[in-house]
Amino acid sequence: MPENRKTPPGVPDVEMEIEDLVTEYTNNGIHRVKLAITDMDGVMRGKYLSLDKFRSLADSMGCFCDCVLGWDVDDKLYDNAKFTGWHTAYPDALFRIDRASERRIPDENNLPLFLADFKTADGSSHPLCPRSLYQRLLKRAQDMGFFVRMGFEYEFFVFNETPESVRAKHYQDLRPFTPGNFGYSIIRNSVNSDLFNAFMDYCLAMDCPLEGLHCETGPGVWEGALGSDLGVKAPDKAAVFKTFTKTFFQKRGLMATFMAKWSMDYPGLGGHVHQSLVEAKTGRSVFYDKAGRFGMSKSMEHYLAGLRQYLRPFLAMSAPTVNSYTRLVKGAWAPTSLTWGVENRTTALRVIPGSEKSQRLEYRLPGADANPYLVASACLAAGLLGIERKLDPGDPVTGCAYDDSGSEAHRLPSNLRQAIAPFRESAEAVEMFGGEFVEHFAGTREWEVREYERSINDWQLKRYFEII
């Protein structure tokens, strides 16, 4: 190990000279690194880089075709994007590797994985990069005197299927990993203890440690709660977790999906976000006040009110797919309006009273399908606006929130098309995310709707094929 190495191997040391880092890799039998960058849908795109190429990029910028910002999850190019498209001839977009994002992939000989951000020519933040967007908002929070702490938890289905078998079956009659509804089952996780433990070890090695892992209600449903973290590390962990959960199970002849709802017969999949603010100077909780209502400080009440006020126009960032809205229905453990309550799992915003260390909010609206960087951005932008404008959240819902959907202003759109216009027309969205991002993201969601509307689905065939 080089003498100036300040941290153990596998732990990022951004002060380490790049030559020493490459030497350490070589001495440990590592001859390449993996680069990942997250697109608008939260899908990680990337490549392997030789150590020579990594050395040349480590302290400068590289190039990546900007089609990554101009296509959908099926690699189909948008026909309505102004920022990039055939009219721009898809030039290279610049990116910069984040040395502090290094983690090791345990089943690739501890291969280093680095995350990257798209950049502009002068090295500033790229207007369409989801990870950069969140970092801009973190800077705004820091200028207000706050650090941001978030923690994501995800539900996902595991299937006894492969990428080949699901296509051969046309995604019908899929076999869940375990049968029946059996939430929090000790039987299931004990019978499959080798897999549960191996998965938790894998997440720990990937710097995505799980605070808890259990069976959820539904056949083959698991839920993992990621440890909370400050700044961009929280959505980084969420993005890595989603991608490498899929690789973990596919390497074992299984498949995991984070689709919001894969079957109307089974529960939907949530991607909830716990969040709080801490004082940058002291590290003390901004949200906690022992004398406040439910232990909430005035800043927490304002932040909560901001979420309630602005997450409706920002909804497409938390529910970004056509499928997202099949989950947002009454009685399905998902909210239908921007209500809030105290320890109430029927509301969109759940206040969790606690101590100086544990007082927080849970945002229960996002599905597991959402891009974690955009969910985090939507939350933080709305919360900061609430603090800046000293908004009042009103009274909490007690009992079942499905019986109290709130005012019309807080009811959620019922489909993706309805969610697009409020986002595009929101002055607050332009203020917090930038006009170029708002226009581009709204266009990508319109594309998503049009792709759906020009398809023939099973419901249409079953309903009309013979009878009409």
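Note that this is a predicted model, so its numbers are computed, not measured.

Novice: What exactly am I supposed to notice about the nonpolar core here?
Specialist: A general trend in soluble globular proteins is that nonpolar side chains are found buried together. Core analysis: the largest hydrophobic core is formed by 133 residues, its most contacted members being Met150, Leu380 and Phe433. Here this core takes twelve residues from helix α10 (residues 372-388), the largest share from any one element. The contacts of Phe433, once residues within four sequence positions are left out, are Leu133, Arg136, Leu137, Phe314, Met317, Ser377, Ala378, Ala381, Phe423 and Val438.

Novice: Could you clarify how one ought to interpret the sheet that holds strand β3 (residues 62-65) in this entry?
Specialist: Strand pairing in a sheet relies on backbone hydrogen bonds. The paired strands run either parallel or antiparallel. If you trace the five strands from one edge of the open sheet to the other, you get β2-β1-β5-β4-β3, paired in mixed fashion. Each edge of the open sheet carries a strand with a single partner, namely β2 (44-50) and β3. Across the sheet, the mean angle separating the axes of adjacent strands is 40° when strand polarity is ignored. Across the face of the sheet, helix α3 (residues 130-143) comes into contact with β1 (32-38), β4 (92-105) and β5 (111-119) while running at roughly 75° to β5. Seen against the sheet, helix α7 (residues 233-250) touches β1, β2, β4 and β5 and runs at an angle of roughly 120° to β5.

Novice: Hey, could you run me through the packing of aromatic side chains in this one?
Specialist: Two aromatic rings are characterised by how far apart their centres lie and by the angle between their planes. Under the defined criterion, the tally for this structure stands at 38 aromatic pairs. Taking 6.4 Å as the distance between ring centres and 85° as the angle between the ring planes, the aromatic pair formed by Phe64 and Phe118 counts as edge-to-face. Note that Phe64 is positioned in strand β3 and Phe118 in strand β5, a separation of 54 residues in sequence. Accessibility assignment for this pair places Phe64 and Phe118 in one class, buried. Taking 6.2 Å as the distance between ring centres and 80° as the angle between the ring planes, the aromatic pair formed by Phe241 and Phe258 counts as edge-to-face. A residue pair is termed long-range when its members are at least 10 positions apart, and Phe241 in helix α7 and Phe258 in the loop between β10 (255-257) and β11 (271-279) qualify at 17 residues. Assigned by exposure class, Phe241 and Phe258 land together as buried.

Novice: Would you explain the packing of helix α11 (residues 416-424) against helix α13 (residues 435-453) in this entry?
Specialist: When two helices pack together, their arrangement is given by the angle between the helix axes and by the axis-to-axis distance. Here α11 crosses α13 at 165°, and the two axes come no closer than 10 Å. When the axes of α11 and α13 are compared, the pair comes out roughly antiparallel. Between α11 and α13 the crossing geometry is left-handed. Residues Leu416, Arg417, Ile420, Phe423 and Arg424 of α11 lie in contact with α13, whose contacting residues are Phe437, Val438, Glu439, Phe441, Ala442, Gly443, Arg445, Glu446, Glu448, Val449, Arg450 and Glu453. Partitioning the contact of α11 with α13 into residue classes produces eight nonpolar, one polar and eight charged.

Novice: Is there a simple way to think about α7 in this case?
Specialist: Quick reminder: α-helices carry 3.6 residues per turn. Residues three or four places apart thus point the same way. In a regular helix each residue adds 1.5 Å, so 18 residues correspond to 26 Å; α7 covers 26 Å between its end C-alpha atoms and thus fits that length. Burial analysis of α7 places 13 of its 18 residues in the buried class, which makes it a mostly covered element.

Novice: Whenever I open this one, the packing of α3 against α10 confuses me. Can you help?
Specialist: One can describe the packing of α3 onto α10 by two numbers: an axis separation of 9 Å at closest approach and a directional angle of 25°. Between α3 and α10, the crossing angle belongs to the class labelled roughly parallel. Of the two possible hands of crossing, α3 and α10 adopt the one that is left-handed. Mapping the contact onto sequence places Pro130, Arg131, Leu133, Tyr134, Leu137, Leu138, Arg140 and Ala141 in α3 and Tyr373, Leu374, Ala376, Ser377, Leu380, Ala381, Leu384 and Glu388 in α10. Tallied by class, the residues present in the contact of α3 with α10 amount to twelve nonpolar, one polar and three charged.

Rules of the game
- Residues numbered from 1 in each chain as written.
- Predicted model: local features only at pLDDT ≥ 70, side-chain atom pairs only at ≥ 80, totals over all residues.
- Heavy atoms only, no water.
- Core = buried A, V, L, I, M, F, W, Y, C linked by side-chain atoms within 4.5 Å.
- Buried < 20%, exposed > 50% of the residue type's maximum accessible area, 1.4 Å probe, protein only.
- Helix = DSSP H or I, 4+ residues; strand = E, 2+ residues; numbered from the N terminus.
- Contact = heavy atoms within 4.5 Å.
- Pairing = 2+ DSSP bridges.
- Axes fitted to C-alpha atoms, helices over the stretch in contact; angles between N-to-C directions.
- Phe/Tyr/Trp six-rings, centres within 6.5 Å; stacked < 30°, edge-to-face > 60°.
- Parallel < 35°, antiparallel > 145°, perpendicular 65-115°, else oblique.
- Left-handed = near helix turned anticlockwise from the far one by under 90°.
- Nonpolar A, V, L, I, M, F, W, Y, C, P; charged D, E, K, R; others polar.
- Expected span 1.5 Å × (residues − 1).

Taken by themselves, the reported measurements are silent on function.
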